[in-house]
Amino acid sequence: MIHFNVPPFVGTEFQYMKEAVENHKICGDGPFTKKCNEWLEKRFDAKKVMLTTSGSTALDMAALLCGLHPGDEVILPSFTFSSTANSFVLAGATLVFVDIRPDTMNIDETKIEAAITEKTKVIVPVHYAGVACEMDTIMDIARRHNLMVVEDAAQGVMSTYKGKALGTIGDFGCFSFHETKNYSMGEGGAIIINNEAYIEKAEILREKGTNRSQFFRGQVAKYNWVDFGDSYLQSDLNAAYLWAQLQVADEINNNRLATWNTYWNAFKPYADRGLITLPTIPEGSVHNAHMFYIKFSDLETRQAYIKYMKDNDILCVFHYVPLHSAPAGEKFGRFHGEDVHTTADSDRLVRLPMYYNIDPADLQKVIEKTKEFIENM
Ligand SMILES: *Cc1c(COP(=O)(O)O)cnc(C)c1O
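Report follows, based on the coordinates. Note that this is a predicted model, so its numbers are computed, not measured.

Moving on: the pairing of strand 9 (residues 189-193). Summarising burial for strand 9: five of the five residues are buried, a large majority. The side-chain alternation of strand 9 yields two buried faces, one formed by Gly189, Ile191 and Ile193 and the other by Ala190 and Ile192. In the sheet, strand 1 (residues 48-52) pairs with strand 9 via five bridges, with the strands oriented antiparallel. Residue pairing across strands places Leu51 opposite Ala190, the latter belonging to strand 9. Direction of pairing for strand 8 (residues 172-176) relative to strand 9: antiparallel, over a ladder of five bridges. Each residue of the ladder has a partner; that of Phe175, found in strand 9, is Ala190.

If you want it as structure tokens, here you go:
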């Protein structure tokens, strides 16, 4: 069986996890957490990075830091994971879904402004497949309308937009280190604070509402419960696992990119003949090969392809059911404007096996079977 995803493992994870256990430092904010935070800050030129228990809770923190009130509106794509939406529901906001552009499957930046009302407070670009949203346009809209921007960069670790790391452009950025992502700690994530005014607030929110972080830096004599908070600290055991992978971050990235390019070159002739559609990487955007997807002409062909591959022991999977058509999406939000691409393009999309160190023979098999299917369509 060729799996769709195999969690990354580089070999040094056990050594670091053993170190954490032997040093009796397995709770949050231990030495490995600090190393990971500092590495992420330096590598991505970010003001402040804090590991969290998941990408979902990093989004929860970002949404809570936005200081939303009931009735406030948040603009996001409907073609995304439920976590993007949940965080803003938790923070009390109403969701306003906007259509995506078919070339990147990212929010269509030209349709955002029409969805803004006097209640709009936040725009949430989701960098699908680790390919950047059109951030210059989005940041310009946010500035002109006095809105905050939370980047869902769960899939975008190591990707850039015009030289800037994804997650470092808006007020807040959120990474995921779930086992399905490029770098993993089992369950985990990180919040990136780009707006310095929120660093202290974020530390308090993450530390159960206490000023414990300031206490450890010697800034206050004792620590106290100072505001609303929760616990978003992951165990240092998880950080130890992640640390192993961050040390070879470029190798993992290059390995994935090589797989992505092999797929691309193999299928390009079919895209040129109009038989399938391949992803677009816009000018100025450097991606991280988080995902390789192709789009067929319709839902039936896509389903037939998934079955054909499964019959050949290869697991290919579709992606999001648009949130606005899901029961919770109907309850918590509305779609603004016409759904031209969200549903139609989501129906056509399928993701191919993509993970660190995929066996070259398996990769060739996926390519051969896909070609076979397309030739016989
Ligand atoms: C994976 C993912 C999340 C959630 O991350 P977890 O670490 O699994 O909680 C949020 N948004 C997007 C777009 C994702 O792909």
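Further remarks concern the nonpolar core. Ranked by size, the top nonpolar core spans 49 residues in total, and within it Leu40, Leu51, Phe175 and Phe177 carry the most contacts. Per element, the largest residue contribution to this core is six residues, and it comes from helix 8 (residues 236-246). Ignoring anything within four residues of it in the chain, the contact list for Phe175 reads Leu40, Phe44, Gly55, Ala58, Ala153, Ala154, Val157, Leu166, Gly189, Ala190 and Ile192. Formed by 32 residues, the second largest nonpolar core is a distinct cluster that contains Leu59, Phe172, Tyr198 and Leu323.

Taken together, 16 residues form the shell around the ligand, and within it Gly55, Ser56, Asp152, Ser176 and Lys181 come nearest. A distance of 2.7 Å separates an oxygen atom of the ligand from a polar atom in the backbone of Gly55. Here an oxygen atom of the ligand sits 2.7 Å away from a polar atom, N or O, in the side chain of Ser176. Protein coverage of the free-state accessible area of the ligand, which is 380 Å², stands at 92%. Listed by contribution, the elements that provide at least two residues to the shell around the ligand are helix 3 (55-65) and helix 4 (82-90). For the shell around the ligand, the class distribution of residues is five nonpolar, nine polar and two charged.

Each regular strand displays side chains that alternate between the two surfaces of the sheet. Counted residue by residue, strand 5 (residues 148-152) has five buried out of five residues, so it is predominantly covered. Across the two faces of strand 5 the burial is the same, with Met148, Val150 and Asp152 and Val149 and Glu151 all buried. One ladder, built from two bridges, connects strand 4 (residues 120-123) with strand 5; its direction is parallel. Bridge pairing in strand 5 links Val122 to Met148. The handedness of the strand 4 to strand 5 crossover, carried by helix 5 (residues 135-145), is right-handed. Taken together, the three bridges between strand 5 and strand 8 define a ladder with parallel strand orientation. By the bridge assignment for strand 8, Glu151 is matched with Gly173.

With that out of the way, let us pick up the pattern of salt bridges. Going through the model one piece at a time under the given rule, you end up with 21 salt bridges. Where Lys18 meets Glu22, a salt bridge forms, and the shortest distance between an N and an O atom there is 3.2 Å. Here the residue Lys18 and the residue Glu22 both occupy positions in helix 1 (residues 13-22), the gap between them amounting to four residues, near one helical turn. Lys18 gets classed as exposed once you look at its relative accessible area, which sits at 52%. Take Glu22: its relative accessible area is 49%, and that puts it in the partly exposed class. Among the salt bridges present, the one from Glu203 reaches Arg217, with a minimum N-O distance of 2.9 Å. Linking Glu203 in helix 6 (residues 199-206) with Arg217 in the loop between helix 7 (212-216) and helix 8, this pair joins segments that are 14 residues apart in sequence. In this structure, a network of salt bridges that share partners links the residues Lys48, Glu203 and Arg217.

Helix 13 (residues 360-375) packs onto helix 10 (residues 299-311) with a crossing angle of 135 degrees between their chain directions and a minimal axis gap of 10 Å. On the basis of their axis angle, the class for helix 10 and helix 13 is oblique. As helix 10 packs across helix 13, the resulting crossing turns out to be right-handed. Between helix 10, through Thr301, Ala304, Tyr305, Tyr308 and Met309, and helix 13, the contact on the second element is made entirely by Val366, Lys369, Thr370, Glu372 and Phe373. For the contact of helix 10 with helix 13, the class distribution of residues is six nonpolar, two polar and two charged.

This part covers the packing of aromatic side chains. For the structure shown, the criterion picks out 22 aromatic pairs. Taking the centre distance of 6.5 Å and the plane angle of 40 degrees together, the rings of Phe81 and Tyr320 count as tilted. Here Phe81, found in the loop between strand 2 (73-77) and helix 4, pairs with Tyr320, found in the loop between helix 10 and helix 11 (327-332); they are 239 residues apart in sequence, far enough to count as distant. In this structure Phe81 comes out as partly exposed when scored by relative accessible area, which is 48%. On the basis of an interplanar angle of 70 degrees and a centroid distance of 5.4 Å, the ring pair of Tyr305 and Phe373 is categorised as edge-to-face. Residue Tyr305 is located in helix 10, and its partner Phe373 is located in helix 13; the two are separated by 68 residues in the primary sequence. Like Phe373, Tyr305 is buried. Aromatic rings pair up to connect Phe79, Phe81, Tyr128, Tyr293 and Tyr320 into one cluster.

Buried residues dominate helix 8, accounting for nine of its 11 residues. Among the residues of helix 8, those classed as buried are Asp236, Ala239, Ala240, Tyr241, Leu242, Trp243, Ala244, Gln245 and Leu246. Where helix 8 begins, the side chain of Ser235 points an oxygen toward the backbone nitrogen of Leu237, at a separation of 3.0 Å.

Cut-offs applied
Residues numbered from 1 in each chain as written. Predicted model: local features only at pLDDT ≥ 70, side-chain atom pairs only at ≥ 80, totals over all residues. Heavy atoms only, no water. Buried < 20%, exposed > 50% of the residue type's maximum accessible area, 1.4 Å probe, protein only. Helix = DSSP H or I, 4+ residues; strand = E, 2+ residues; numbered from the N terminus. Pairing = 2+ DSSP bridges. Core = buried A, V, L, I, M, F, W, Y, C linked by side-chain atoms within 4.5 Å. Contact = heavy atoms within 4.5 Å. Near = heavy atom within 4 Å. Polar contact = N/O pair within 3.5 Å; in protein donor to acceptor, adjacent residues only side chain to side chain. Areas by Shrake-Rupley, 256 points an atom, 1.4 Å probe, with all protein chains shown as cover. Nonpolar A, V, L, I, M, F, W, Y, C, P; charged D, E, K, R; others polar. Right-handed = clockwise from strand over helix to strand, strands pointing away. Salt bridge = Lys/Arg side-chain N within 4 Å of Asp/Glu carboxyl O. Axes fitted to C-alpha atoms, helices over the stretch in contact; angles between N-to-C directions. Parallel < 35°, antiparallel > 145°, perpendicular 65-115°, else oblique. Left-handed = near helix turned anticlockwise from the far one by under 90°. Phe/Tyr/Trp six-rings, centres within 6.5 Å; stacked < 30°, edge-to-face > 60°.

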